[in-house]
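# Architecture at a glance
Listed here are the chains, written in short residue letters.
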Amino acid sequence: MGMARYWPLVLPLGLVALLFASVAQAAVVEHTFNVGNLSISQLCRPPMIITAVNGQLPGPTIKAREGDTVVVHLVNESPYNMTIHWHGIFQRGTPWADGPAMVTQCPVKPGATYTYRFNVTGQEGTLWWHAHISLLRATVYGALILHPRGGAAAYPFPKPHAEEIVLLGEWWNANVHDLDDMAVLTGNPPRSADAYTINGKPGDFYNCSNANQTYKFQVRRNETYLLRIINAALNTPMFFKVANHSFTVVGADAAYTTPYATDVVVVAPGQTVDALMVAGAAPGRYYMAASPYDSAIGGMPPFLMANATAILEYAGSPTGDGAPPPQMPQRPAYNDTETAFRFLSNLTALVLPGKPTVPLAVDTRMFVTVGLGNSDCQPEQLLCNTTGTRQPIFSASMNNASFVLPHAGAVSMLQAHYANASAGVYTRDFPDVPPVIFDYTADASDTAELKFTAKSTKVRTLRYNETVEMVLQNTRLIAKESHPMHLHGFNFFVLAQDFGNYDEAVATPQFNLVNPQERNTVAVPTGGWAVIRFVANNPGMWFMHCHFDAHLDLGLAMVFEVQDGPTEETSVPPPPSDLPQC
């Protein structure tokens, strides 16, 4: 894995460029997203119709500078309802632009439009955008790159020669909207993907793969490249390697990290990693490989045991029929939890002037179990066994509350919050502790009574500026599994993480209160726990959920309702005039 490597933080170039970049005025970055049908052929199958933005897979990259305003006109020319979530954007003052369907907005109906407008002040690095409705983010997604106001010279690490986006995804030989509909009707999660992809292409190791289904990166020897790695897969954490090359991680979830040397990058769905890679190998061709990390222990549906590949090609290397084949990296085992945990737990923040620090005083402490379970069939699940008894259908919950969105035809949760009309939309009784305390990670805990959960739409109300510490505890119910928990509207500090049951007396001395990693998505260790802390300084309704889409549909979610602050600037503004109506 290698030892962490540190560079001295020299201010004259990086910080001075940042501080004196007023000559580079903030701008408005404007895009139009036409969401519609795209005919595409993958894996040598006949062309099929997918939902895509501007006829691209992945969708267009948005590039902005810190402080800019981003404006995206969504034109829904698809046959499905649509929303877009700007994953990791704080949405300070623009909660109506966050995007999750029925949480902050009603969906944009076919034939309708909506303009998303938000500011990116105080954020630099790699984020992304994706559909936040049904399983449509399988094909509706793209990168969102936030450069420093002072340009590449303001990076707190050596300036790379070039930058490359590496978008990891999943592909289904099926209509994903139909798969989601069937999952709802039956109560069973959708089947696993048919392929993994890098920048929309599966690579060379699938049946009937060919050259136009493998993405190629061109590099020059001894130059340094900043790889912006994004896991846009719906349900699969990924190991990422490049044969004969190593990395220095310098960022995660658009927050700078202390430089960390490694030969493997681990990204859970929703997470991003910025990594420097020196093209220091012998000239030739090398495979990039993304392989799945299967964190589940016990009884879950099978995952796809395959790899996505792209080719790293040195300038001047032979590429014809007689050229040597690219070298393949040695991948970790699919269940290599040790490697995954080592990477995910060893990252620390690069402390920079003016950046947020860990709040030391805590107002609210929450202990929240996350995991799978069972629930009764719901009335809308027409293909589920509705005998009235407890059926062993999959469900998921946080503190035994299995989340469901408000029904279509209602208003979004943010609309209800703004109008002070929550009745019939949500309740304010999400619990701070689970209803039953038990041995969360023991095999013996997997009992029918503990697994049962009921459906509800519960929120936890927070005062403006309240500091929250949350222990996220994985359970053994049905399976131990690493759940990537994503919080909208905020970054949080990951103070500690480990395996087994959380023990406050043992864990508290482990807390990193100096330079913990800052993230918007944390991969809670398999059969373990993570402690996060954040300040609720952003009024609105903010979704917190597992970024496995299969688990989100099953109810592994909740919402934070953050009350208004004392001023107009710290209050939820009126909704925009074109806000979609249900």
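Because the structure is predicted, anything quoted here is derived from the model rather than measured.

The rules behind the values
- Residues numbered from 1 in each chain as written.
- Predicted model: local features only at pLDDT ≥ 70, side-chain atom pairs only at ≥ 80, totals over all residues.
- Heavy atoms only, no water.
- UniProt positions renumbered as here; feature names shortened; annotations may be inferred.
- Helix = DSSP H or I, 4+ residues; strand = E, 2+ residues; numbered from the N terminus.
- 1 Å grid on protein atoms, 1.4 Å probe; cavity = no way out; pocket = protein on both sides within 12 Å on 5 of 7 lines; lining within 4 Å.
- Points joined across faces, edges and corners; volume = space filled by probe spheres on them.
- Nonpolar A, V, L, I, M, F, W, Y, C, P; charged D, E, K, R; others polar.
- Buried < 20%, exposed > 50% of the residue type's maximum accessible area, 1.4 Å probe, protein only.
- Pairing = 2+ DSSP bridges.
- Polar contact = N/O pair within 3.5 Å; in protein donor to acceptor, adjacent residues only side chain to side chain.
- Contact = heavy atoms within 4.5 Å.
- Axes fitted to C-alpha atoms, helices over the stretch in contact; angles between N-to-C directions.
- Phe/Tyr/Trp six-rings, centres within 6.5 Å; stacked < 30°, edge-to-face > 60°.
- Disulfide = S-S within 2.5 Å.

### Re the UniProt feature "domain: Plastocyanin-like" (unreviewed entry) in the chain
With numbering matched to this structure, UniProt assigns "domain: Plastocyanin-like" (unreviewed entry) to residues 39-149, 165-316 and 430-564. From the first C-alpha to the last, residues 39-149 spans 39 Å; its make-up is 0% helix and 41% strand.

### Considerations on empty space enclosed by the protein
Within this structure, the stated rule accounts for three cavities of 30 Å³ or more. Around the largest cavity, the lining residues are Tyr 293, Thr 337, Ala 340, Phe 341, Leu 344, Ser 482, Gln 497, Phe 499, Ala 523, Pro 525 and Thr 526. In terms of residue class, the lining of the largest cavity is made up of seven nonpolar, four polar and no charged.

### Describing the pairing of strand β7 (residues 125-131)
For β7, the buried fraction is high: seven of the seven residues fall into the buried class. The pairing of strand β5 (residues 84-87) with β7 spans four bridges and is classified as antiparallel. Bridge pairing links Ile 84 to Ala 131 in β7.

### Regarding the environment of Asn 374
Mapping Asn 374 onto the fold places it in strand β20 (residues 364-375). Sequence-wise, Asn 374 and Leu 579 are 205 residues apart; in three dimensions their C-alpha atoms are separated by 36 Å.

### Topic: the side chain of Thr 83
Looking at where Thr 83 falls in the secondary structure, it is placed in the loop between β4 (69-76) and β5. In terms of polar contacts, Thr 83 uses its side chain to reach the backbone carbonyl oxygen of Gly 99, at 2.7 Å. Residues contacting Thr 83, with those up to four places away along its chain left out, are Gly 99, Ala 101, Gln 105, Cys 106, Pro 107, Val 108, Tyr 116, His 130, Ala 131, His 132 and Ile 133.

### Details of unusual backbone geometry
Across the junction of Leu 57 and Pro 58, the peptide omega takes the value -5 degrees, indicating a cis bond. Mapped onto the elements of the fold, Pro 58 is located in the loop between β2 (48-53) and β3 (62-65). Residues other than glycine seldom take positive phi values, yet Gln 91 does so here, at roughly 60 degrees. Mapping Gln 91 onto the fold places it in the loop between β5 and β6 (113-119). Here Gln 91 falls in the buried class, since its relative accessible area comes to 0%. Unlike most non-glycine residues, Asn 244 shows phi in positive territory, near 65 degrees.

### Examining the sheet that holds strand β19 (residues 308-314)
Spatially, β11-β19-β18-β13-β16 is the arrangement adopted by the five strands of the open sheet, whose pairing is mixed. With one partner strand each, in any of the chains shown, β11 (215-219) and β16 (265-267) form the two edges of the open sheet. Across this sheet, the average inter-strand angle for adjacent strands is 20 degrees, counted without regard to direction. Direction of pairing for strand β13 (residues 238-242) relative to β16: antiparallel, over a ladder of three bridges. Across the sheet, residue Met 238 finds its bridge partner in β16, namely Val 267. Against the sheet, helix α3 (residues 337-346) makes contact with β13 and β16, and its axis sits at roughly 85 degrees relative to β16, the strand it touches most.

### Remarks on the packing of aromatic side chains
Here the structure, examined in full by the defined rule, presents 24 aromatic pairs. On the numbers, 5.4 Å between centres and 55 degrees between planes, the contact of Phe 239 with Tyr 293 is tilted. Pair noted here: Phe 239 is in strand β13 and Tyr 293 is in the loop between β18 (285-292) and β19, with a separation of 54 residues, a long-range link. The rings of Phe 33, Trp 86, Tyr 114, Tyr 116, Phe 118 and Trp 129 are connected pair by pair, giving a single aromatic cluster.

### Quick notes on the state of the cysteines
The full count for this structure, using the stated rule, is two disulfides. Between the sulfur of Cys 106 and that of Cys 582 lies a disulfide, 2.0 Å long from S to S. Between Cys 106 and Cys 582 the sulfur-sulfur dihedral comes to about -90 degrees; the bridge is accordingly left-handed. Within this pair, whereas Cys 106 is found in the loop between β5 and β6, its partner Cys 582 is found in the segment after β32 (557-562), the two being separated by 476 residues in sequence. Here Cys 377 is linked by a disulfide to Cys 384, with a sulfur-sulfur distance of 1.8 Å. Of note, the bridge from Cys 377 to Cys 384 carries an S-S torsion of about -55 degrees and is left-handed in sense. Here Cys 377 matches Cys 384 in class, with each residue buried.

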